Each structure stands twice: as structure tokens, then as C-alpha cells.
Amino acid sequence: MSLATLALILSAAGILATGWLAAIFVANPTSAMAKVEHLPEALPRVMTDRYIANLFLAIGATLYGDLKVIAFLFAVFAFMSFADVAIYVKRGTPYRPHLLGGIGSAITAAVAFAAFLAQLNGAA
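As the structure is a prediction and not an experimental result, all values here were calculated from the model.

A. Inspection of the side chain of S105 at higher detail. Along the chain, S105 turns up in helix α5 (residues 96-120). Once you skip the residues sitting within four places of it in the chain, S105 turns out to touch F74, F77 and A78.

In C-alpha cells, the structure reads:
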């Protein structure tokens, strides 16, 4: 087995693990928090780490320069932002920063995807 094959297998395992986490959080967020041993009082620090990780993902995608990767990453960022908007709207709490982040991410994803399509047609 090549290292590339092993990397893909491990990446697929990561997809399964992350999918399981997503499923248990969708099913019952309170129970899932306990299962993964997240502490609500640690959430501000956890969010700090998540934003730093997202920053590194955006830097990596930008430096890598692949329009498909940029479009996909920023579409995911838009999803996260708009999902947060939905949570805050439902609670009747402010959501403006999340909405602006979602709009900015969606625009970035759309422009990167349009640029990718233009490259396919030789018009970039």
C-alpha cells in the first residue's frame, strides 16, 4: 500500500468520525456535548481555537491557489455562518456579524467558482 493510499484511507476515516460527531450533535446536542466531553464554560476558548483553525484553512487554501478548494472552503464557511444566523434568529438574539460573515464567504465562494468555470472555458 502506498502512502498516498494510506492517506486517503485515513482521510476517509476522518470523514466517518466527523460524520458521526455531526450526527450525534444533530440528534441531541446536550448529550453529544457530554459524549465528547466538551464543557460549556470552555466554549469561548474552544471558539477561539476554531477561529484560529479556520484562519489557517483560509490561508492554506489561498496560498495553494486552487479555485475549487477556495470555492469549497468558503462555501463551507458560508454554511457555518448562515447556520449560526438561523440559531440566533430563532433565539431572537443579534446575528449581524454571522450574517456579514456568511455573505462575505458566499460571495468569495461564488467568485472563486465562477473563476474556476471561466478557466474551464479558457476565459480566465
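B. Molecular detail of the pattern of salt bridges. The full count for this structure, using the stated rule, is two salt bridges. In this structure, the salt-bridge partner of R45 is D49, at a minimum N-O distance of 3.4 Å. Here D49 and R45 lie together in helix α3 (residues 43-64), a separation of four residues that amounts to about one turn. According to the relative accessible area criterion, D49 is partly exposed, its value standing at 35%. Of the charged contacts, one joins D66 and K68 as a salt bridge, the two residues approaching to 3.5 Å between their closest N and O atoms.

C. Geometry of the packing of helix α4 (residues 67-91) against α5. Where α4 contacts α5, the axes come no closer than 7 Å and their chain directions differ by 155°. Between α4 and α5, the angle falls in the class roughly antiparallel. The interaxial crossing formed by α4 with α5 has left-handed handedness. In terms of residue class, the contact of α4 with α5 is built from 18 nonpolar, seven polar and two charged.

D. Local environment of the nonpolar core. Ranked by size, the top nonpolar core spans nine residues in total: A58, A61, I70, A71, L73, F74, F77, A109 and A112. For this core, the elements supplying multiple residues, two or more each, are α3, α4 and α5. Ranked by residues supplied to this core, first place goes to α4 with five residues. A71 has contacts with A109, A112 and F113, leaving out every residue within four places of it along the chain.

E. Looking closely at the packing of aromatic side chains. Using the criterion set out here, one finds two aromatic pairs in the structure. Here the aromatic rings of F113 and F116 are separated by 6.2 Å at their centres, their planes lie at 35°, and the arrangement is tilted. Here the residue F113 and the residue F116 both occupy positions in helix α5, the gap between them amounting to three residues, near one helical turn. F113 gets classed as partly exposed once you look at its relative accessible area, which sits at 44%.

F. Molecular detail of the environment of T108. For T108, the position within the fold is in helix α5. Overall, the relative accessible area of 31% leaves T108 in the partly exposed class. In the structure, T108 is positioned 43 residues away from G65 in sequence and 13 Å away in space, judged by C-alpha atoms. If we skip the residues at most four places from it in the chain, T108 touches I70 and F74.

Rules and cut-offs
Residues numbered from 1 in each chain as written. Predicted model: local features only at pLDDT ≥ 70, side-chain atom pairs only at ≥ 80, totals over all residues. Heavy atoms only, no water. Helix = DSSP H or I, 4+ residues; strand = E, 2+ residues; numbered from the N terminus. Contact = heavy atoms within 4.5 Å. Salt bridge = Lys/Arg side-chain N within 4 Å of Asp/Glu carboxyl O. Buried < 20%, exposed > 50% of the residue type's maximum accessible area, 1.4 Å probe, protein only. Axes fitted to C-alpha atoms, helices over the stretch in contact; angles between N-to-C directions. Parallel < 35°, antiparallel > 145°, perpendicular 65-115°, else oblique. Left-handed = near helix turned anticlockwise from the far one by under 90°. Nonpolar A, V, L, I, M, F, W, Y, C, P; charged D, E, K, R; others polar. Core = buried A, V, L, I, M, F, W, Y, C linked by side-chain atoms within 4.5 Å. Phe/Tyr/Trp six-rings, centres within 6.5 Å; stacked < 30°, edge-to-face > 60°.

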